[in-house]
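Here's the letter readout for the chains.
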Amino acid sequence: MTPTLRAPQQSLADQPRYDCRNAYVDTLAELARTDHRIVGVVNDSVGSSKLDAFKKAFPDRLINVGIAEQDMVGVAAGLANGGRIPFVSAASCFLTARALEQIKADVAYADRNVKLCGMSPGVAYGELGPTHHSIEDIAWLRAIDNMVIVVPADPIETASAMRWAAATEGPVFIRVSRMSVPQIYAEDYVFEPGKAITVRDGNDVTLISNGTVLWRAMVAAEQLATEGVSARVISMPTVKPLDLDAVIAAAAETSGIVTAEESTTAGGLGGAVAEILVQHHPARMKILGLPEFAPTGSATYLLDRYGMSPDGIAQSAKSLLA
Amino acid sequence: MSALAVEHITMPVFGRLSPHASRADQVAHIAEAARQIRIQDLKLVHFANAGHIGGDLSAADILATLYGAVLNLDPRAVDDPERDRFILSKGHVAGILYTTLAAFGFLPIEELATFLKPLSALNGHPNRKKVTGVEANTGPLGHGLPIAVGHALSAKLDVSRRRTYVLVGDGELQEGSNWEAMMAASQYELDRLTVIVDRNRLQQGATVRETNDLDPLDQKAAAFGFAVVEINGHDHGELLDVLSSVPFRPGKPTFVIAHTHKGHPISFMSNNAAWHHKVPSPAELQQALNELGADVDSPTRGTAA
């Protein structure tokens, strides 16, 4: 085990869970205190982004353009033109769908120093349904040049990725999970862009995951171990650029790869891994995610339904060993 | 002028007159810059065999006034954080932006000949990473105004006097993002933001009125919290007076409706929707250049930048 992981006292499945938005707002305030260029930009999403305290502490530095996502992202690009570092905080479904052309042209193509923070992504809104789910965001933004995509798996990684983004010039999209997750990483963990982390070694099969599904993959590996299957678990916080070496090595050293993510099965992390493997090291693969507009159900229900319970992930892994 | 070639895209570099120059001298300076910019732009489109000549020419006087006498910009200090910002939202008239930038020393005049050629920095829509002086990568309509609002907000946060100007097409105002941005500009009292509408009343293939009318545009802008001014967008004196004296009302952003004609002042192009992106033939180019007095030597030149 690498020293960046939190020392396990018990299975991740039994540990307390945290909403990553809390780490997000604490870190944004910490960054704003030390760098006057940092500003928040929201589409009325002060409450849903948990930014009330930030607004009190920095009333001038929380720009609320109202319910107007195209304007929100254009304004962020203009703030960056003026030397500010905007952290755009909005529900990922509206941020990435409604303002996609602004993300492409004003931010990515123009290479503006804008940090796009997709709050409550994936199926976090559960029963509110596919209008509010943001399972497409990764696939949409992956298609855009000059965009770094980060999907943190816990509060520690969320905070560390934000610190890296603030210190690094250029466009970044960070998902900020609303679905509660256990703390996976130790306090001293430092996010490295484009680097996979082998959170569990193994040589029979590989599980590649990120975001809210990573802990589920880690629990799946615990289960597989009891059945005599040695599963490698790779945490892939950066979907773009992808860590090619880690993916190719996993394909070479294990019998197959399962990807599991809180997003669509078309063009997400699974698609990114498949694109690499088919060109460099064809391997047996299973892509877990949401293949369709989800039916009514809680976020947890939906992840389980689409094969991303720990048991479901373990079953997919075993299917590659047959 | 009978054997025009791409090398003939050339002109003097117009600097800025002293701020103490008389208004009459400023206006003459702008007028001559605008004339030269039009001459070079016509050649640019002719030799590239593409471009948006109608909208280029409707915006030429606005651009010449901004760069010639209004914007606090220095081609030797293009990254000065305190510079004024000009954002061309109607990015399809990149040709007139490039000729203007070249006229005022931001872009080597020789580079104009590469317009739209493979690997040229001069794409059909401006790219700030490739062309010095470009502030935003525009092209899809309805993007410049929100970016301008963002910059004006940054200036307000900095307690800076720097100003933000954005040029939008009138057809472009059919994009809803503009109105989102106008609400925010008003809410944040961005009185150092000026929106200039190139009100040529034509869009790609028809009039704005018969497509999706904007009138009463003045009342709409006023209702969105702007101080509204209507001017002749081809009158250099009016442009100079208005664009250099914003804000008109403290706490309010300014909305300048500049009444223009597509293709102005070329007789066969003016106010003719067919010239949205038509390319002048050699004979048409020659006639247009004659109408602009292209053989006449430049009577006024500013201090070279």
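Treat the numbers as computed from the prediction; the structure is a model and nothing was measured.

## Overview of the nonpolar core
Then step 1. Within the largest apolar cluster, 200 residues are counted, with the highest numbers of intra-cluster contacts made by Val88(A), Leu207(A) and Val149(B).
Then step 2. When residues are assigned to domains, this core turns out to be shared by domain 1 (16-182) and domain 2 (194-319) of chain A, each giving three or more.
Then step 3. Those residues in contact with Val88(A) that lie beyond four places of it in its chain are Val41(A), Met72(A), Val73(A), Ala76(A), Leu95(A), Val114(A), Lys115(A), Leu116(A) and Cys117(A).

## Let's talk about the confidence of the model for chain B
Then step 1. Taken as a whole, chain B shows an average pLDDT of 93; of its residues, 95% reach a score of 70 or greater.
Then step 2. Interface confidence for the predicted complex, expressed as ipTM, amounts to 0.95; the pTM equals 0.95.

## What about the sheet that holds strand β4 (residues 227-232) of chain B?
Residue and element names in this part refer to chain B.
Then step 1. With respect to topology, five strands assemble into an open sheet ordered β1-β2-β3-β5-β4, the strand pairing being parallel. Because the sheet does not close on itself, it has two edges, and the strands there are β1 (85-88) and β4. Recorded for the sheet is a direction-independent mean angle of 20° between the axes of neighbouring strands.
Then step 2. The sheet contact formed by β4 and strand β5 (residues 254-259) spans six bridges and is parallel. Following the sheet pairing, asparagine 232 is matched in β5 by histidine 259.

## A short note on helix α8 (residues 214-226) of chain A
Then step 1. Its 13 residues give α8(A) an end-to-end C-alpha distance of 19 Å, which sits within 8% of 18 Å, the value for a rise of 1.5 Å per residue.
Then step 2. Among the residues trailing α8(A), Gly228(A) stands out with phi positive, at a value near 85°.

## What about the domain arrangement of chain A?
All names here are of chain A.
Then step 1. By domain assignment, chain A separates into domain 1 (16-182) and domain 2 (194-319).
Then step 2. Across the boundary between the two partners, domain 1 contributes 27 residues, which contact 28 residues of domain 2.
Then step 3. Class assignment of the residues belonging to the side of domain 1 that touches domain 2 gives a composition of 17 nonpolar, five polar and five charged.

## What to know about the sheet that holds strand β11 (residues 231-235) of chain A
All names here are of chain A.
Then step 1. Taken together, five strands build an open sheet; the order of strands is β9-β11-β10-β13-β14 and the sheet is mixed. Looking at the sheet topology across the chains shown, the edges are occupied by β9 (197-200) and β14 (285-290). The mean angle between the axes of side-by-side strands here comes to 25°, regardless of whether they run parallel or antiparallel.
Then step 2. In the sheet, strand β10 (residues 205-209) pairs with β11 via five bridges, with the strands oriented parallel. Following the sheet pairing, threonine 206 is matched in β11 by arginine 232.
Then step 3. Against the sheet, helix α9 (residues 244-253) makes contact with β10, β11 and β13 (257-264), and its axis sits at roughly 170° relative to β11, the strand it touches most.

Criteria and thresholds
Residues numbered from 1 in each chain as written. Chains lettered and ligands numbered in written order. Predicted model: local features only at pLDDT ≥ 70, side-chain atom pairs only at ≥ 80, totals over all residues. Core = buried A, V, L, I, M, F, W, Y, C linked by C-beta atoms within 7 Å. Buried ≥ 20, exposed ≤ 12 C-beta atoms within 10 Å, placed from the backbone. Domains from an automatic or database assignment. Contact = placed C-beta atoms within 7 Å. pLDDT = per-residue confidence, 0-100. Pairing = 2+ DSSP bridges. Helix = DSSP H or I, 4+ residues; strand = E, 2+ residues; numbered from the N terminus. Axes fitted to C-alpha atoms, helices over the stretch in contact; angles between N-to-C directions. Expected span 1.5 Å × (residues − 1). Nonpolar A, V, L, I, M, F, W, Y, C, P; charged D, E, K, R; others polar.

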